[in-house]
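This is what each chain is made of:
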Amino acid sequence: MMQNGYKLLVNDKVVWPYELTGSQKVELLQQAILYFQELEEYEKCAILRDKIESIISPPKRKRGRPKGSKNKSYEQNTKKDSQDRN
């Protein structure tokens with residue numbers, strides 16, 4: 001059961017139940033870490049620890065156009081805007 005639960009927890013797009021708070025999610029992951037430590041499966045523990053870190057401090061979303069983007073509509077719009085200002 002824990003092996004199947006692990007597969008669900010480490011999925012990139014975990015769909016957490018709406019009712020779970022952040023601290024409850026962390027507690028669940030910590031319990032899984034304790035289980036896998038007893039089995040000496042430390043790689044799984046490290047992955048679960050990273051999941052806890054992402055819950056505590058979620059990664060910041062980048063805004064705007066990515067560097068090196070070939071978004072021509074963005075480039076055309078900025079050129080039009082600069083021409084309109086002149």
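Structure's up top.
This is a predicted model, so every value here is computed, not measured. (Residues numbered from 1 in each chain as written. Predicted model: local features only at pLDDT ≥ 70, side-chain atom pairs only at ≥ 80, totals over all residues. Heavy atoms only, no water.)

On to the overall build of the protein chain. The helix and strand inventory of the protein chain stands at 4 helices and 0 strands. Within the protein chain, the fraction of its 86 residues that count as buried is 15%. Relative to all contacts within the protein chain whose residues are 6 or more apart in sequence, the contacts with residues 24 or more apart total 51%. About 7800 Å² of surface is accessible on the protein chain, with carbon and sulfur atoms providing 50% of the total. (Helix = DSSP H or I, 4+ residues; strand = E, 2+ residues; numbered from the N terminus. Buried < 20%, exposed > 50% of the residue type's maximum accessible area, 1.4 Å probe, protein only. Contact = heavy atoms within 4.5 Å. Areas by Shrake-Rupley, 256 points an atom, 1.4 Å probe, with all protein chains shown as cover.)

Okay, the packing of helix α1 (residues 2-9) against helix α3 (residues 42-56) next. Two elements in contact, α1 and α3, have axes separated by 11 Å at closest approach and are oriented at 40°. Relative to α3, the element α1 lies oblique. Classified by chirality, the crossing of α3 by α1 is left-handed. Taken together, the residues of α3 that come into contact with α1 (itself represented by Q3, Y6 and L9) are K44, I47, L48 and K51. Its residues placed into classes, the contact of α1 with α3 shows 4 nonpolar, 1 polar and 2 charged. (Axes fitted to C-alpha atoms, helices over the stretch in contact; angles between N-to-C directions. Parallel < 35°, antiparallel > 145°, perpendicular 65-115°, else oblique. Left-handed = near helix turned anticlockwise from the far one by under 90°. Nonpolar A, V, L, I, M, F, W, Y, C, P; charged D, E, K, R; others polar.)

With that settled, consider the packing of aromatic side chains. Geometry of an aromatic ring pair is reported as the spacing of the ring centres plus the angle between the planes. The final tally for this structure, using the stated rule, is 2 aromatic pairs. Arranged with centres 5.0 Å apart and planes meeting at 80°, the rings of Y35 and F36 form a pair that is edge-to-face. The class for F36 is buried, based on a relative accessible area of 0%. Counting every residue linked through ring pairs, the aromatic cluster contains Y6, Y35 and F36. (Phe/Tyr/Trp six-rings, centres within 6.5 Å; stacked < 30°, edge-to-face > 60°.)

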